Amino acid sequence: MKSLYLRKDMEASDSRIAIMKENPEIVLSEVGDESSVLVKIKACALSTTDVQTIQELNLASSDIAIGRAIAGIVKDVGNCVTSFKPGDEVVALLPLDSQFSGCAELCTVNEFDLIMKPKRVEFDEAVACLYEGVRAYTALQIQARMCAGETLLVIDGATPNGSTLIQLAQNWGAKVIATVNSQEEKLFLETFKPPLTSIVDVSNGKTNTIRSVCLEETGGLGMDIIVDSGVNMFPDQDDDVAQKLNLPTKHELISSLAVCGRWVTSQRDLQIDPPNSQLLFLKNGSVSYLFPSAWTLSSNQQGRYLHIMRDVLNKLASGL
């Protein structure tokens, strides 16, 4: 059985190469976990592999599994499995510590990481939206506690993550402002129904317009929720990546928040300077970190995690 993995490139220590490994045929009785389910893979979504987190937590050996969003058909189940049977169509997000690659013919998944696939959703459709859906759901409902009628600012709204955030937020009754990095991205967001409250073009580094647009559209109150895709940590220094992506500064986002506003960030090394911290304090605001893979690292919230995945796929099945 062939599987795809990442392996450190010996010629360049900071990079990795994809390799195809020939693994022995999986037999559940040999895996040693009676709660395991053997799935025949029908579709697998490729996304950025969080190599840094996997290494920091010592979750993998030299080879790191690729492809964590999978959909397929149950081929066999362990003795203690009660929720699934051979022939069931299932979907899963493989945990970060999974030793099995989703880019394979067969994959072993714990029973409690699987959900049933809605009949009206194709295998490729399910894996295409699963990770982004869980990420957006986590940001809006779990961390930001969004309510109908609130205002939301989405940074990089035309990306897969951004567009999923917009669609879910609008479905739940929020008013959405989004940033874009080009005219093409703006035209894409203008096709959304219902239309966005405002689209802010930050191409050519015009991120200083975010605050003015947010205050204008909210009558000077600011945004209830902001979800970023990273921030420009040190605008006074030359940060090629931040400048290329036109990322907003910390001060720009905090200034755009309303009183009791919630900022959900993907910036793992975020540092808030005392002046910005004081501003956030005066707004009674909060910051939370968006790391959706945390769901799979602990069983503490497993039931809520499975509910999120089911709801994401049910919304897809209903045509959202």
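Because the structure is predicted, anything quoted here is derived from the model rather than measured.

*Asks:* What am I meant to see in the sheet that holds strand β11 (residues 198-201) here?
*Replies:* Each strand in a sheet pairs with its neighbour through backbone hydrogen bonds, running either in the same direction (parallel) or in the opposite one (antiparallel). With parallel pairing, the six strands of this open sheet are ordered in space as β11-β10-β9-β12-β13-β14. Two strands lie at the open edges of the sheet, namely β11 and β14 (286-289), each paired on one side alone. If you compare each strand with its neighbour and ignore which way they point, the axes differ by 15 degrees on average. Alignment of strand β12 (residues 223-227) against strand β13 (residues 257-265), held across four bridges, turns out to be parallel. Residue pairing in the sheet places Ile225 in a bridge with Arg262 of β13. The sheet strands contacting helix α6 (residues 209-217) are β9 (151-154), β10 (175-180), β11 and β12, and the helix crosses β11 at an angle near 165 degrees.

*Asks:* Looking at this structure, how should I read the pairing of β14?
*Replies:* One face of the sheet, then the other: side chains in a regular strand alternate in exactly this way. Of the strand pairs in this sheet, β13 and β14 are connected by four bridges, and their pairing is parallel. If you follow Trp263 over to β14, its bridge partner there is Val287. One crossover worth recording links β13 to the parallel β14 by way of helix α9 (residues 274-282), and it is right-handed.

*Asks:* I tried to follow the environment of Cys214 on my own but got confused; where do I start?
*Replies:* Structurally, the position occupied by Cys214 is in helix α6. It is 9.9 Å that separates the C-alpha atoms of Cys214 and Ala178, two residues lying 36 residues apart in sequence. When sequence neighbours within four positions are dropped, the list of residues in contact with Cys214 reads Leu153, Ile177, Met223 and Ser256.

*Asks:* I'm lost on the pattern of salt bridges in this one. Help?
*Replies:* Opposite charge on two side chains allows them to pair when their charged atoms are near. Going through the model one piece at a time under the given rule, you end up with four salt bridges. Between Glu89 and Lys117 there is a salt bridge; the shortest N-O distance is 3.0 Å. Here Glu89 is found in strand β6 (residues 89-93), whereas its partner Lys117 is found in the loop between β8 (114-116) and α3 (123-143), with 28 residues between them in sequence. Residue classification places Glu89 among the partly exposed positions, given a relative accessible area of 22%. Arg262 is the salt-bridge partner of Glu150, the closest N and O atoms lying 2.8 Å from each other. Of this pair, Glu150 sits in the loop between α3 and β9 while Arg262 is found in strand β13, placing the two residues 112 residues apart along the sequence. When its relative accessible area of 15% is taken as the criterion, Glu150 is described as buried.

Quick notes on the rules
Residues numbered from 1 in each chain as written. Predicted model: local features only at pLDDT ≥ 70, side-chain atom pairs only at ≥ 80, totals over all residues. Heavy atoms only, no water. Pairing = 2+ DSSP bridges. Helix = DSSP H or I, 4+ residues; strand = E, 2+ residues; numbered from the N terminus. Axes fitted to C-alpha atoms, helices over the stretch in contact; angles between N-to-C directions. Contact = heavy atoms within 4.5 Å. Right-handed = clockwise from strand over helix to strand, strands pointing away. Salt bridge = Lys/Arg side-chain N within 4 Å of Asp/Glu carboxyl O. Buried < 20%, exposed > 50% of the residue type's maximum accessible area, 1.4 Å probe, protein only.

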